[in-house]
Amino acid sequence: MNRPRTIAVKPIITLIAIAALIVACVSAPVCAMASGQAAAAAADTIVAGDAGTRHATPVDDTDQSAGDSGQSAAPIAGPVPNVIITNFTYGDGSVSAGGKFDLGFSFQNKGSVAVQNMVISVDGGDGLTIAGGTNTFYVPQLAAGATQSQTVPMQALIDAKSGAQAVVVSFRYEYVDAGQRSSNSVDEKISVPVSQPDRFQINDPVIPDDAQNGQESTITLAYVNKGKGDISNVEATMDGKGFDTVSKTQYLGNVASGGSGTIAYAFTPTDSGDLDAKITVTYEDSDGQQKTKEFPVKLTVAEPAPAMDDTAADVQDEQPGMPVWLLPTVAAVAIVAIVVIVVIVVLVKRHRKKKRSAMDEQWDDWQDDQDGGDTPEAQGHASDTPAADDTDRQAPTEVIAPQPGERS
């Protein structure tokens, strides 16, 4: 009689599990971890046998778990906290050159950690300066997401250029993140518009005093730019009735600071009486704003001068002149007159010469009489005259005229 064959099931299951473990170790990339887990599973499996049941010793992976827990406990540093300006004010419109204003600004900590030991400095550049006080401020701490405001008194320089002037606000601070202290700096730039006052001066028009209908006249306007900024796109227009002009609009261009010139309009009145016109000057100031100035013109135009009568001109042209036949007679008279004048001059000269000769002869005779003093008569007269002493010699000599009966 045949006995039924007994098949051992539990050893076969164990062999299948070991074969599956070997296949998993060969095919899986993480064989180390899988082998550990399979070993633990195999250790927990109850092995049947004649000797009874037993449990395998579990694998000790305390070191690996300890390493993993140590890495996860280290804190991770966050992004660097930034401080930015969220709003600022300087007043309404623009700041006039030389004017004072209060610059107010708000700043916020955009980081996830607080900042500490913050130092704020304000720099107005070349066009702006601090109007009293300091440009440096200290903030002990600013929490994450917190906002704070600051006001700085400032002034625009008198020679500042028109336009936007940059103001740099610098933030220097420290922060603690992931157990470490670090520092950071942020520079924020804002702009403040500055304008130079409009000092473009245009004088009143100079009108002619003797404007006449049909005759060209000129109106002039002198201008000067007394401001610190340049004036641009200067244009002048003359509007009205009762006159003609070559160009009613004149483009003068740009006028630099301190520049001057003259606007001149040449026009010709077409009507007599009162003439009303208007000169309009437009330009752009140093801020680019368009300005307009108007100047009324009123003058009296006289009637045109009366034209000369053609008949009177003809009569004047027809007035008779000297006859041609009279010209030889006039020439002959002129020649005779010249001859007569020459003859008279010659006769006068001869007469004067004869008279001068007679006077010379008389003088010679008188001189001869004076020379005859050596004769006895002259000596007799000399003896009768007393001798002059020294005092008489010093007296002036007296000339005695000849006595009657003596020869002259």
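Procedures and definitions
Residues numbered from 1 in each chain as written. Predicted model: local features only at pLDDT ≥ 70, side-chain atom pairs only at ≥ 80, totals over all residues. Heavy atoms only, no water. Helix = DSSP H or I, 4+ residues; strand = E, 2+ residues; numbered from the N terminus. Buried < 20%, exposed > 50% of the residue type's maximum accessible area, 1.4 Å probe, protein only. Contact = heavy atoms within 4.5 Å. Areas by Shrake-Rupley, 256 points an atom, 1.4 Å probe, with all protein chains shown as cover. Pairing = 2+ DSSP bridges. Axes fitted to C-alpha atoms, helices over the stretch in contact; angles between N-to-C directions. Phe/Tyr/Trp six-rings, centres within 6.5 Å; stacked < 30°, edge-to-face > 60°. Salt bridge = Lys/Arg side-chain N within 4 Å of Asp/Glu carboxyl O. pLDDT = per-residue confidence, 0-100.

Peer 1: Is there a simple way to explain the overall build of the chain in this structure?
Peer 2: What the chain contains, in helices and strands, is seven helices and 17 strands. A total of 408 residues make up the chain; the buried ones form 21% of that total. In the chain, the share of contacts with a sequence separation of at least 24, taken over all contacts with a separation of at least 6, comes to 67%. Roughly 28,700 Å² of accessible area belongs to the chain as shown, and the carbon and sulfur atoms make up 54% of that amount.

Peer 1: Looking at this structure, I do not really get the sheet that holds strand β14 (residues 249-255). What am I missing?
Peer 2: Strand pairing in a sheet takes place through backbone hydrogen bonds and is either antiparallel or parallel in direction. Judged by pairing direction, the sheet is antiparallel, and its four strands sit side by side in the order β14-β12-β16-β17 without closing on themselves. Taken across any chain shown, the strands that pair with only one partner, and hence form the sheet edges, are β14 and β17 (290-301). Across the sheet, the axes of successive neighbouring strands diverge by a mean angle of 20°, strand direction being ignored.

Peer 1: Explain the packing of aromatic side chains here, please?
Peer 2: Here a ring pair, both rings aromatic, is described through the centre-centre distance and the interplanar angle of the planes. If you walk through the whole model with that rule in mind, you get six aromatic pairs. Centroid distance F105 to F107: 6.3 Å. Interplanar angle 45°. Geometry classified as tilted. Residue F105 is classed as buried on the basis of its relative accessible area of 2%. Three or more aromatic residues joined by ring pairs make a cluster, and in this case those are F105, F107 and F171.

Peer 1: Help me understand the pattern of salt bridges, please; the structure alone is not making it clear to me.
Peer 2: When charged atoms on two side chains of opposite charge get close, those side chains can pair. With the rule as written, the count across this model stands at five salt bridges. We note a salt bridge from R181 to E174, for which the minimum N-O separation is 3.1 Å.

Peer 1: Looking at this structure, I do not really get the confidence of the model for the chain. What am I missing?
Peer 2: The predicted coordinates of low-pLDDT regions are not to be read in fine detail. When pLDDT is averaged along the chain, the result is 76, and 66% of the positions lie at 70 or above. Counting contacts from residues 29-71, a segment whose pLDDT is below 50, to residues more than four positions away or on other chains yields 15 contacts. Low pLDDT, under 50, characterises residues 403-408; the predicted model gives this stretch two contacts beyond four residues in sequence or across chains.

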